Amino acid sequence: MRKLTRSGPAYSLTRRTAAALITAVITLSTSAAALAADAIVLRVGDQKGGNRSLLEISGLAKDLPYKIEWSEFPAAAPILEAINAGALDVGYTGDLSFLTVYASGAPIKAIGGTRSDARTQAILVRGDSPIKTAADLKGKRLAGTRGGWGQFLINATLEKAGSRIEDATFAPLGPVDAKIALLAGSIDAWAVWEPYISYATKDKARVVADGEGLTPTITFIVASDNAIATKRAAVQDLVQRLNKARLWSLDHLAEYARNTAELTKLPEDVLLAAYTAQKTSPIAIDEAVVKEVQAASDRATRYGILGKTLDVGKAVDRSFTASANLN
C-alpha cells in the first residue's frame, strides 16, 4: 500500500479541500451577517420634498439599524392605497384621508404625526372675484379633495356661515387641477392647504376663509398592522427620527425651504412662507388628540364624507409616542 506523506498528492488535496471549506464557511458567515443586517427593510411611502429629504437634511438618516426602501408618490392617497395593499409598511397622510381609508376596513393604524396651524388650510378665490366672505360662497362651485381636508373645510365653512351643504356645488379636484380650474374661472373657489396657499396668493388669489376652529390639521404617520407586529423596533425608530427631524426644521426653516426648493423646483420664498405659517410640530397621540380627531370624524360622518361612525381610539396606536419628548 502506498504510504501517504505530507508532501504527497493526497496531503495536497486534503489541504486544498480544507482551505476551500474554510473559505466556504467564511463566505457563508459573511453572507449570513449581511442578510442579518439587511433583514429588516422598511418600505416607506413619501412625496417629493417630504420625509426622506427632511431626514437627510437634518442628519437623521444616518446610521440606521435597518434599511429604508423609499417609494415616491404624487399624493397621499396612493400612499394609503399601497399600505392597504401590503406594498408599503409606513406612510403619511392627512387625518381625514386616513380615516376614510381606515373606515373601509384597511389594516392600518395612525402611530404618530404632526400638527400645523389650522389657518394653513383655506378657501381661495381669484383676486378679481366678487366673493369677499364665507357667506358669499353660497350657491357657488367649490373645489377640493374628496374625502379629505378640502371637502371637509368646504362643508364646515358653509355650515359656520349658516348655509346648508346643498347650497353649493362640490367639485372633487386635486390641487393641480383645481388651481387650473380656478384660474380658468370654471370654479369659484378652491379649498386647499400649504404650500399651495402661498403659491396661489403669490399669483393674486385671496383667502376668504380658513380652518381655524374647524379642523385639527393633523398629518398622521401611518403603518400597516403587519409592520407594527413584525417590524416594531424599526417603525418605532423611524417615528422618533421623524419627530426629531421635525423639531430640527422649526429651528432651520430657511435651510429646510432651500433644500425642498431644490428638490421640488417650487420657489424658495413660497416654501419659506408656507413653513413659517404652518409651524408644523410633532405630536404625541394622546387622549386630547384622539378626542379632537373623534369630533372631526363625527362631523365628517354627518357631512357624508365618512360612511359610518368610527371609534378613533381603535384607529390609532398610542404606544409609539407614549414616552416621546417633543420639546
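In what follows, the structure referred to is the one given above.
From a predicted model like this one, the values you see are computed outputs, not experimental measurements.

Structural notes on helix α4 (residues 95–103)
Burial of α4 is extensive: 7 of the 9 residues sit out of reach of the surface. Burial in α4 covers these residues: D95, L96, F98, L99, V101, Y102 and A103. Once α4 finishes, G105 follows within two positions and takes phi at roughly 100°, a positive value.

Focus on the layout of surface pockets
What the second largest pocket holds in volume is close to 190 Å³. Taken together, D46, Q47, K48, G49, G50, R52, S53, E56, W70, S71, E72 and L263 make up the lining of the second largest pocket. At the level of secondary structure, the elements contributing two or more residues to the lining of the second largest pocket comprise α2 (51–58) and β2 (67–72). Among the residues forming the lining of the second largest pocket, the class breakdown is 2 nonpolar, 5 polar and 5 charged.

Overview of the sheet that holds strand β7 (residues 169–172)
Within the open sheet, the 5 strands sit side by side as β7-β6-β8-β5-β9. Their pairing is mixed. The open sheet has two free edges, formed respectively by β7 and β9 (206–210), since each of these has just one partner strand. Here the strands of the sheet are splayed against their neighbours by 30° on average, with no regard to which way each runs. Summarising the sheet, strand β5 (residues 121–125) and strand β8 (residues 189–193) pair through 4 bridges and their orientation is antiparallel.

Regarding the nonpolar core
Grouped together as the largest cluster of nonpolar side chains are 50 residues, with contacts concentrated most on F98, L99, I108, I123, L137, F152 and F220. Residues L42, V44, I228 and Y275 belong to the second largest nonpolar core, which totals 26 residues.

Some words on the packing of helix α9 (residues 232–250) against helix α10 (residues 253–264)
Two elements in contact, α9 and α10, have axes whose closest approach is 6 Å; the angle formed by their N-to-C orientations is 110°. One finds that α9 runs roughly perpendicular with respect to α10. Of α10, the residues touching α9 (which contributes R246, W248, S249 and L250) are L253, E255 and Y256. Here the contact of α9 with α10 is composed, by residue class, of 4 nonpolar, 1 polar and 2 charged.

As for the pattern of salt bridges
If charged atoms from side chains of opposite charge come close, those side chains can pair. Within the structure shown, the criterion is met by 16 salt bridges. Residues K48 and E72 are paired through a salt bridge, measuring 3.5 Å at the closest nitrogen-oxygen approach. Taken together, the residues span a long stretch of sequence, with K48 in the loop between β1 (41–46) and α2 and E72 in strand β2 at a distance of 24 residues. According to the relative accessible area criterion, E72 is exposed, its value standing at 54%. Among the ionic contacts, a cluster of salt bridges with common partners joins R43, D89 and K231.

Details of the pairing of strand β10 (residues 218–224)
The buried fraction of β10 amounts to 6 of the 7 residues, a majority that puts the element mostly inside the structure. Where strand β3 (residues 90–94) lies against β10, 5 bridges are found, and the strand directions are antiparallel. In the strand pairing of β10, T93 is matched with F220. The sheet contact formed by strand β4 (residues 108–115) and β10 spans 7 bridges and is antiparallel. For K109, the partnering residue across the bridge sits in β10 and is A223.

Overview of the packing of helix α5 (residues 149–160) against helix α12 (residues 287–303)
α12 packs onto α5 with a crossing angle of 85° between their chain directions and a minimal axis gap of 11 Å. The orientation of α5 relative to α12 falls into the category roughly perpendicular. For the pair α5 and α12, the contacting residues are F152, N155, A156 and E159 in the first and A296, R299, A300, R302 and Y303 in the second. Tallied by class, residues from the contact of α5 with α12 come to 5 nonpolar, 1 polar and 3 charged.

Notes on the packing of aromatic side chains
Counting across every chain of the model gives 7 aromatic pairs. When the centroid spacing of 4.3 Å and the interplanar angle of 10° are considered together, the rings of Y256 and Y275 count as stacked. Residue Y256 is found in helix α10, and its partner Y275 is found in helix α11 (residues 268–278); the two are separated by 19 residues along the sequence. Relative accessible area serves as the criterion here: at 12%, Y275 is assigned to the buried category. A network of ring pairs unites the aromatic residues W149, W190, W193 and Y196 as a single cluster. In this arrangement the basic side chain of K179 is found over the ring face of Y199, its NZ or CZ atom lying 4.2 Å from the centre.

Procedures and definitions
- Residues numbered from 1 in each chain as written.
- Predicted model: local features only at pLDDT ≥ 70, side-chain atom pairs only at ≥ 80, totals over all residues.
- Heavy atoms only, no water.
- Buried < 20%, exposed > 50% of the residue type's maximum accessible area, 1.4 Å probe, protein only.
- Helix = DSSP H or I, 4+ residues; strand = E, 2+ residues; numbered from the N terminus.
- 1 Å grid on protein atoms, 1.4 Å probe; cavity = no way out; pocket = protein on both sides within 12 Å on 5 of 7 lines; lining within 4 Å.
- Points joined across faces, edges and corners; volume = space filled by probe spheres on them.
- Nonpolar A, V, L, I, M, F, W, Y, C, P; charged D, E, K, R; others polar.
- Pairing = 2+ DSSP bridges.
- Axes fitted to C-alpha atoms, helices over the stretch in contact; angles between N-to-C directions.
- Core = buried A, V, L, I, M, F, W, Y, C linked by side-chain atoms within 4.5 Å.
- Parallel < 35°, antiparallel > 145°, perpendicular 65-115°, else oblique.
- Contact = heavy atoms within 4.5 Å.
- Salt bridge = Lys/Arg side-chain N within 4 Å of Asp/Glu carboxyl O.
- Phe/Tyr/Trp six-rings, centres within 6.5 Å; stacked < 30°, edge-to-face > 60°.
- Lys NZ or Arg CZ within 6 Å of the ring centre and 35° of its normal.

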